[in-house]
Amino acid sequence: MSEGVVLEGRALVKRFGPATALAGVGLRVQRGESVAIMGPSGSGKSTLLHCLAGIMKPDEGEVTLLGQRVDTMRERERSALRRTKFGFLFQFGQLLPELPAVENVALPLMLGGVPRGVAVNQAMAWFGPLGLAGMESRRPGELSGGQAQRVAIARALVTGPAVVFADEPTGALDQATGQATMDLLVEATRGNGASLVLVTHDREVARWCDGLVEVRDGLVVSGTATAGVPR
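Now for a quick tour of the structure. (Residues numbered from 1 in each chain as written. Predicted model: local features only at pLDDT ≥ 70, side-chain atom pairs only at ≥ 80, totals over all residues. Heavy atoms only, no water.)

Overview of the overall build of the chain
Quick note on the threshold: Numbering of helices and strands starts at the N terminus; helices are DSSP runs of H or I of at least 4 residues and strands are runs of E of at least 2. Each radius of gyration reported is based on C-alpha atoms, and the globular scaling rule is 2.2 Å times the count of residues to the power 0.38. Relative accessibility under 20% of the residue-type maximum defines a buried residue, over 50% an exposed one, and the middle range a partly exposed one, all with a 1.4 Å probe and only protein chains included.
Scanning the chain from terminus to terminus reveals seven helices and 10 strands. Taken over the C-alpha trace, the chain has a radius of gyration of 17 Å; the compact-globule value for 231 residues is 17 Å, and the two agree within 12%. Considering only C-alpha atoms, the chain reaches an extent of 50 × 40 × 35 Å along its principal axes. Among the 231 residues that make up the chain, the fraction classed as buried is 51%.

Things to note about unusual backbone geometry
Although it is not a glycine, Leu66 sits at a positive phi angle of roughly 50°. Residue classification places Leu66 among the partly exposed residues on the basis of a relative accessible area of 40%. Despite not being glycine, Glu168 shows a phi value in the positive range, around 50°. Take Glu168: it is sitting in the loop between strand E7 (163–167) and helix H6 (175–191). For Glu168, a relative accessible area of 13% translates into the label buried.

With respect to the side chain of Thr47
Applied cut-off: Contacts: residue pairs with any heavy atoms within 4.5 Å of one another.
Here Thr47 lies in helix H1 (residues 45–52). Excluding residues that lie within four positions of it along the chain, Thr47 makes contacts with Lys14, Phe16, Ala21, Leu22 and Met56.

Notes on the sheet that holds strand E5 (residues 68–69)
So the rule is basically this: Note on pairing: two strands pair once DSSP finds at least 2 bridges between them.
The strand order across the open sheet formed by four strands is E2-E1-E4-E5, and the pairing between neighbours is antiparallel. Each edge of the sheet is formed by a strand with only one pairing partner; in this case those strands are strand E2 (19–30) and E5. Across five bridges, strand E1 (residues 5–16) lies against strand E4 (residues 60–65) in antiparallel orientation. In the sheet register, Gly9 faces E4, and the bridge partner there is Val63.

Focus: the packing of helix H5 (residues 145–157) against H6
The following threshold applies: Axes, fitted as lines to C-alpha atoms, cover a helix only where it is in contact. Angles between the N-to-C directions of the axes lie from 0 to 180 degrees. Oblique is the label for every angle not falling under 35 degrees (roughly parallel), over 145 degrees (roughly antiparallel), or within 65 to 115 degrees (roughly perpendicular). Handedness of a crossing is defined here by the sense of rotation of the near helix relative to the far one, left-handed for an anticlockwise turn of less than a right angle and right-handed for a clockwise turn. In this count, Pro and Cys sit with the nonpolar residues alongside Ala, Val, Leu, Ile, Met, Phe, Trp and Tyr, while Asp, Glu, Lys and Arg are called charged and the others, Gly among them, polar.
For the pair H5 and H6, the least separation of the axes is 10 Å and the interaxial angle reads 15°. By the angle class used here, H5 and H6 are roughly parallel. Like other packed secondary-structure pairs, H5 and H6 cross with a definite hand, here right-handed. Across the interface between the two elements, Gly146, Gln149, Arg150, Ile153 and Leu157 of H5 pack against Thr177, Thr181, Leu184, Leu185, Ala188 and Thr189 of H6. For the contact of H5 with H6, the class distribution of residues is five nonpolar, five polar and one charged.

Quick word on the packing of helix H3 (residues 101–111) against H5
Here H3 crosses H5 at 25°, and the two axes come no closer than 7 Å. With respect to each other, H3 and H5 are oriented roughly parallel. Classified by chirality, the crossing of H5 by H3 is right-handed. Packed against H3, whose contacting residues are Ala101, Asn104, Val105 and Pro108, the element H5 presents Val151, Ala154 and Arg155 at the interface.

Have a look at this one:
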């Protein structure tokens, strides 16, 4: 692994029956770097994110996090990795509607064994910096779309992950709210020393990131900035 590389996928292949979703894709992400993965529907971009995040195993190739193989781990080990080293942000936030915002943020800590009181106190510390002061007790249904995504950003970062994975994080937001969310997401991940891997179909969203990788028919067809594509 090159110095400064946090996450790397090499020659990743993933098949679903006769269809090949990834046909030998490589991607390298540096510490603190934000990389957007773009491509049309069915290009393989979401499959690439899922393989890099340990959600699914590639059929061929390697995924490493800080030099440690992810693709050879057992499911229990990958699940623990996702709880501790990775953060996740989705298009619709996927907050639990029955929990107040602060407990939604604290949930990854509690799932990792942190006592509830300690986890809630750690979660509370995120609300002021993310412009959510006073909203700790609100349930997701009482938040605007932008506020809910900020709660989801806090949840993604509360464990101190090495990498945050974001799948169309602005897809359910209007343009202005989406831009504000991207500004906050990029700055918050960078400020906390995390890397960001983001899947989007929107080139305006991708421009917020340091690097851009375009995927088509399961292959990387272009890459810009510092986003490395290993051979």
